[in-house]
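# Reading the structure
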Number of protein chains: 2
Amino acid sequence: MSDTSEQEQPQAKEQPRRRQARGERRIAQLLEAAARVFCTTGYTAASTNAIAREAGVSPGTLYQFFPNKEAIAIELGDRLVHDMRETYGEALAPVDPATPLEEAIGSAIDRFITFNTEHPVFFALMHGPDIPGRMAETHDQLHATLIGRIEGLLASLMPGATPADVTRTAHICLGVYKTGLELVLAHEGAERDAYVQEVKDVLIRYLTPLMGDRPGRD
Amino acid sequence: MSDTSEQEQPQAKEQPRRRQARGERRIAQLLEAAARVFCTTGYTAASTNAIAREAGVSPGTLYQFFPNKEAIAIELGDRLVHDMRETYGEALAPVDPATPLEEAIGSAIDRFITFNTEHPVFFALMHGPDIPGRMAETHDQLHATLIGRIEGLLASLMPGATPADVTRTAHICLGVYKTGLELVLAHEGAERDAYVQEVKDVLIRYLTPLMGDRPGRD
DNA sequence: GACAAATGCGAGTGGTCGCTCGCATTCTTG
DNA sequence: CAAGAATGCGAGCGACCACTCGCATTTGTC
């Protein structure tokens, strides 16, 4: 019971693993291979042997660096979330309340869609239906962070709304974005751009009537 | 190809299976059990042994009536689509072009959400990421039908739009509905109703500015 | 009741997959 | 260079799963 199986013990008993440069390279190699396999087949259908093969490595070597299949997805997910926070800041796309709604929505959508097109695994791991337990935690955490951020933005724009209203609206916005992302990723070139614009329009038209008098409009 | 797998063959060569009433009952029983298991675990993770157990039947009995696991999902899906068409008509929620937009959207959303709350498997089988090949066909067929219906509705409301614009708008609408459905199913009671209203609002506010002069508004 | 067909059972089969183990090779460190 | 640690290999183990087979029981028909 209560076995969280973390490698953080006050006693330095659990860290005889001195990693060599070769090992770090292998890990990166394996994670890239895993990303490709997860993208094409999804998490559950991806076999560890397939990941090892994709990385040009034997199954045994894979298990030299990862204790099990789930750990690969977790490490990949953690690195993605880390990259995301590093790229967009800890607060995830902070917005000045004075910016016009169109601009705020536009830049937020652009940021997240860019991130997703550059890291297709992110979508596969986060929105896949067959993600492992610990992965779901990472997802839920990110989800909660985003909802919180959106709530913060909306609260200042929806004067007469209850907290429940704000939360509900935030969930709708995130859901619309999520669906839009799916459609955007399914198209390319000009059509993709057109879909991006549609998603922005949906959100702008949805949110505009909710706001009271806009501060600093002129 | 062109194997519709119906039990209607001119040559009586393929139908030595004279089904007894008991058999039909078992089939219904198995499909109900499969629906429950698919709902809780999804298609891929659902084991045929678990379905048989849920139905209070041995694995062998299951395979007396279904050639393989996929056939269970296909039969279930076909029956759901059949029910849907029977409930809402072949055209799937036809709308009089003279009805106001709010009313048209409202009734369509209500219909589909009701169907989904009454048949939770539908969502699990259609939006699950791990659906089998033939199941995807059923889904794509239904998807195309719905897109076509929405396009028909939008075409008369978007005077100056190209066909590509109409198609894109239709996909956005269906996507918004899909996301909304997810959120609606995740809540209950008054909160669920509130989400239903939000989804309707999103669509109404998205579509209203697209229309030119409304015909028959007087 | 007699016979065949339909139904029912559950241990068993073949295949896949996550993961391990023993051993070889390469690197670091003194 | 020597010793030990880190890395690398791939056959193979155990578990699980879709599916089968031989046989028992029930049902429809004459």
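Refer to the structure presented above.
Heads up: these notes are all about the structure in this document. From a predicted model like this one, the values you see are computed outputs, not experimental measurements.

With that out of the way, let us pick up the interface of chain A and chain B. Between chain A and chain B, the contact holds 22 residues from the first and 22 residues from the second. The contact between chain A and chain B buries some 2100 Å² in all, and 66% of this surface belongs to carbon and sulfur atoms. Contact with chain B buries surface across chain A, with R168, R205 and Y206 of chain A losing the most and accounting together for 29% of the total. There are four salt bridges connecting chain A and chain B. Note that E182 of chain A and K178 of chain B form a salt bridge whose closest N and O atoms lie 3.7 Å from each other. Counting across the chain A and chain B interface gives nine residue pairs in polar contact (both at pLDDT 80 or more). For the side of chain A that touches chain B, the leading source of residues is helix α8 (residues 163-185) of chain A, giving 11 residues. Of the residues belonging to the side of chain A that touches chain B, the class tally is 11 nonpolar, five polar and six charged.

Taken together, the buried positions of helix α6 (residues 120-127) of chain A are occupied by V121, F122, F123, L125 and M126 of chain A. Residues of α6 of chain A that are buried sit in contact with α1 (21-41), α4 (69-88), α5 (101-118), α7 (133-155) and α8 of chain A.

All names here are of chain A. Enumeration according to the criterion identifies 10 aromatic pairs over all chains in this entry. Grouping aromatic residues by their ring pairs yields a cluster made of Y88, F112, F115, F122 and Y177. Lying across the ring of Y43, K69 places its NZ or CZ 4.8 Å from the centre.

Take helix α5 (residues 101-118) of chain B next. Residues and elements named next belong to chain B. Relative to the 26 Å expected for 18 residues at 1.5 Å per residue, α5 spans 26 Å between its end C-alpha atoms, a close match to the ideal helical length. Buried within α5 are the following residues: L101, A104, I105, G106, I109, F112, I113, F115 and N116. Where α5 is buried, its residues meet α4 (69-88), α6 (120-127), α7 (133-155), α8 (163-185) and α9 (189-207).

Calculation notes
- Residues numbered from 1 in each chain as written.
- Chains lettered and ligands numbered in written order.
- Predicted model: local features only at pLDDT ≥ 70, side-chain atom pairs only at ≥ 80, totals over all residues.
- Heavy atoms only, no water.
- Contact = heavy atoms within 4.5 Å.
- Buried area = accessible area lost by both parts, 1.4 Å probe.
- Salt bridge = Lys/Arg side-chain N within 4 Å of Asp/Glu carboxyl O.
- Polar contact = N/O pair within 3.5 Å; in protein donor to acceptor, adjacent residues only side chain to side chain.
- Helix = DSSP H or I, 4+ residues; strand = E, 2+ residues; numbered from the N terminus.
- Nonpolar A, V, L, I, M, F, W, Y, C, P; charged D, E, K, R; others polar.
- Buried < 20%, exposed > 50% of the residue type's maximum accessible area, 1.4 Å probe, protein only.
- Phe/Tyr/Trp six-rings, centres within 6.5 Å; stacked < 30°, edge-to-face > 60°.
- Lys NZ or Arg CZ within 6 Å of the ring centre and 35° of its normal.
- Expected span 1.5 Å × (residues − 1).

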